[in-house]
Amino acid sequence: MRPQRVPTLDPLGPDELEMIEGIFRRELELRALPLKSEEAAILAARLIGAYQSGIRDAAGLTAAAERL
């Protein structure tokens, strides 16, 4: 199944931030990365960038994080 892409300039709301944070923290745990690391910052930027590019579902964002 392809990730859902809905390009928009809508700001991130609380629900979206919660979803991105959950994926972010899960990936940190899977990779055994500290929260305050360069790799964590890159991962966070990638997740937000993927969301802003139109990937709005958890599966698509997880896939974007896994490609890092």
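See above for the structure.
So, how was this worked out
- Residues numbered from 1 in each chain as written.
- Predicted model: local features only at pLDDT ≥ 70, side-chain atom pairs only at ≥ 80, totals over all residues.
- Heavy atoms only, no water.
- Core = buried A, V, L, I, M, F, W, Y, C linked by side-chain atoms within 4.5 Å.
- Buried < 20%, exposed > 50% of the residue type's maximum accessible area, 1.4 Å probe, protein only.
- Helix = DSSP H or I, 4+ residues; strand = E, 2+ residues; numbered from the N terminus.
- Contact = heavy atoms within 4.5 Å.

With respect to the nonpolar core
So, step 1. Residues Ile-20, Phe-24, Leu-28, Leu-43, Leu-47, Ala-50 and Leu-61 are the most contacted members of the largest nonpolar core, which totals 13 residues.
So, step 2. Among the elements of the structure, helix H1 (14-31), helix H2 (38-52) and helix H3 (58-66) are those that each provide at least two residues to this core.
So, step 3. Tallying contributions element by element places H2 first for this core, with five residues.

Let's talk about the side chain of Glu-27
So, step 1. Mapped onto the fold, Glu-27 is located in helix H1.
So, step 2. On the basis of relative accessible area, Glu-27 is assigned to the buried category, the value being 5%.
So, step 3. Those residues in contact with Glu-27 that lie beyond four places of it in its chain are Leu-43, Thr-62, Ala-65 and Glu-66.

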